[in-house]
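# Topology and contacts: notes
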Amino acid sequence: MKILVINAGSSSLKYQLIDMDTEGVIAKGICERIGIEDSLLTHKANGKTTEIKQDMPTHQEAIELVLQALINKEYGVLSSMDEIDAVGHRVLHSGEDFNGPALATDENIEKCLGNAELGPLHQIPNIAGVKACKEVMPNTPMVLVFDTTFHSTMPEKAYIFGLPYDAYKDYRIRRYGFHGTSHRFVSGEAIKYLGLEGKPSKIITCHLGNGSSMSAVKDGKCVDTSMSFTPLGGVPMGTRSGELDPAIIEFLAKKSGMTLAETINYLNKKSGVLGVSGVSSDFRSIRNAAVEGNKRAALALDIFAYSVKKYIGTYAAVLGGVDCLVFTAGLGENDGKMRKEIVDGLEFLGIEINEELNAMPNDGSIRDITGANGKVKVLVIPTNEELVIARDTLALAFNK
Ligand code: ADP
């Protein structure tokens, strides 16, 4: 069985074709500058990269071009598009309408559009991608896999804010949480790795990348997560502020003369470790600057590690203990120094890492970096959101 996984953004569309017998990637690529001049498809298959420059005014042309690339005689991997058994689509927001993946029926697509106001920058292009794909492949089963549904098991006390209850009832303002496919995947992998299937488990997952979030996972179910109503909540990130005193927004707008929209953009795009360091949103550049003596770069790294450490403490309290701490995503998988800075001082919780194992490069496998006296397993687990989407698609479309 072959599953095509699609992640449609506002001007980009990423895809992976996955062979479900081996769970290996057959081909992958990205369409960029959709709806803008000079659109480009970069397609990778059989160890070769092919660039195709062609106008893609909408997502529909992008998907058509992807399918043509997949069946191209020279650089394609399929003899016909009928070999694609199903398509899995990444969708940002389930709202409260879904608690797991769903078939891309017209009714479910309408529900997704009803949730667009909760995350318009992603939800609208995500659904444009689904609709375009349905046009081009009307007979292929399609599944919607949401970033939020893993968090749908949170108890009310974790997702209702201290606002008048009507803000939740009337406007749907609550904690939703994001990066759900990643938290689900790595917590599931940790449970398997530790042989805890069907047994009680308390896991804290740290998805640390350009966007970062943490989750508390009890017996395989999410009970709390750091991202919030939007992905702006929680720990400071590459360019996002993370949580703040809400009064800062009005004060900042008044002082700077920014509009409300400009202020939110400032919190989303100009803040986080970029804003503190003034160097970059990329942690490698910030680390290099800190090593060269840049104090604000060092401060940005300190703030980040401190914030993640605080969440580990918080979630240890939420879970009533910790069996396993998982690091994943670009930074979590690759930056041993940051992992060490985060866990330093957490020995009282039984969290200790082996520095030699922690310093080893990421080889794409699950790595156990627990120290000799550590009571909590500390694992580095490469995330694979596309594989989760493909597995969900297979399961829902074919009951497998
Ligand atoms: P996104 O949220 O965009 O998916 P990623 O999970 O790819 O982000 O993470 C990107 C971040 O990971 C960047 O800040 C990058 O600097 C950091 N990163 C990637 N590789 C390394 C590495 N080898 N060492 C340190 N940081 C790394």
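Reference entry: report on the structure contained in this document. (Residues numbered from 1 in each chain as written. Predicted model: local features only at pLDDT ≥ 70, side-chain atom pairs only at ≥ 80, totals over all residues. Heavy atoms only, no water.)

## So, the packing of aromatic side chains
As enumerated under the stated definition, the model contains 6 aromatic pairs in all. Residues tyrosine 165 and tyrosine 168 carry aromatic rings whose centres are separated by 5.5 Å and whose planes lie at 70° to one another, so their mutual orientation is edge-to-face. Here tyrosine 165 pairs with tyrosine 168, and both are found in helix 5 (residues 165-171), just 3 residues apart, close to one helical turn. Residue classification places tyrosine 165 among the partly exposed residues on the basis of a relative accessible area of 41%. The exposure class assigned to tyrosine 168 is buried, which follows from its relative accessible area of 14%. Clustering of aromatic rings is evident, with ring pairs tying together Tyr159, Tyr165 and Tyr168. Above the ring of tyrosine 159, the side-chain terminus of arginine 174 is found at 3.6 Å from the ring centroid. (Phe/Tyr/Trp six-rings, centres within 6.5 Å; stacked < 30°, edge-to-face > 60°. Helix = DSSP H or I, 4+ residues; strand = E, 2+ residues; numbered from the N terminus. Buried < 20%, exposed > 50% of the residue type's maximum accessible area, 1.4 Å probe, protein only. Lys NZ or Arg CZ within 6 Å of the ring centre and 35° of its normal.)

## A few points about the layout of surface pockets
By volume, the second largest pocket is sized at about 380 Å³. If you go around the second largest pocket, you meet 13 residues; those closest to its centre are Asp282, Phe283, Arg284, Gly330 and Leu331. Of the residues assigned to the lining of the second largest pocket, the class counts are 2 nonpolar, 6 polar and 5 charged. (1 Å grid on protein atoms, 1.4 Å probe; cavity = no way out; pocket = protein on both sides within 12 Å on 5 of 7 lines; lining within 4 Å. Points joined across faces, edges and corners; volume = space filled by probe spheres on them. Nonpolar A, V, L, I, M, F, W, Y, C, P; charged D, E, K, R; others polar.)

## Points about the site of the ligand
Near the ligand, the surroundings consist of Gly209, Asn210, Gly211, Ser281, Asp282, Phe283, Arg284, Ala329, Gly330, Leu331, Asn334 and Asp335. For the ligand, an oxygen atom lies 3.1 Å from a polar atom in the backbone of asparagine 210. Here an oxygen atom of the ligand and a side-chain polar atom of aspartate 282 are 2.6 Å apart. For the ligand, the accessible surface in isolation is 580 Å², of which the surrounding protein chains cover 65%. Here the ligand is seated within the second largest pocket. Listed by contribution, the elements that provide at least two residues to the shell around the ligand are helix 10 (283-291) and helix 12 (329-334). Looking at the shell around the ligand element by element, the count peaks at 4 residues for helix 12. Taken together, the residues that form the shell around the ligand break down as 3 nonpolar, 6 polar and 3 charged. (Near = heavy atom within 4 Å. Polar contact = N/O pair within 3.5 Å; in protein donor to acceptor, adjacent residues only side chain to side chain. Areas by Shrake-Rupley, 256 points an atom, 1.4 Å probe, with all protein chains shown as cover. Sits in = over half its atoms within 2 Å of the grid points.)

## Considerations on the pattern of salt bridges
All told, the structure shown has 19 salt bridges when counted by the stated rule. A salt bridge links glutamate 83 to lysine 2; the nearest nitrogen and oxygen atoms lie 3.6 Å apart. Separated by 81 residues along the polypeptide, glutamate 83 in the loop between helix 1 (59-71) and strand 6 (86-91) and lysine 2 in strand 1 (residues 2-8) bring together distant segments of the chain. With its nearest N and O atoms 2.5 Å apart, the salt bridge here joins aspartate 392 to arginine 184. With aspartate 392 in helix 15 (residues 385-398) and arginine 184 in helix 6 (residues 180-193), the pair connects residues that are 208 residues apart, well separated along the chain. On the basis of relative accessible area, aspartate 392 is assigned to the buried category, the value being 11%. Arginine 184 sits in the partly exposed class, given a relative accessible area of 29%. The structure contains a network of salt bridges with shared partners spanning Arg90, Asp147 and Glu385. (Salt bridge = Lys/Arg side-chain N within 4 Å of Asp/Glu carboxyl O.)

## A look at the pairing of strand 3 (residues 24-32)
As paired elements, strand 2 (residues 13-19) and strand 3 share 7 bridges and run antiparallel to each other. Bridging from a neighbouring strand, leucine 17 pairs with alanine 27 of strand 3. Once strand 2 ends, the chain turns through 4 residues before running back antiparallel as strand 3, passing glutamate 23 with a positive phi of about 60°. Where strand 3 and strand 4 (residues 40-45) come together, 6 bridges link them in antiparallel fashion. Looking across to strand 4, one finds that cysteine 31 is bridged to leucine 41. (Pairing = 2+ DSSP bridges.)

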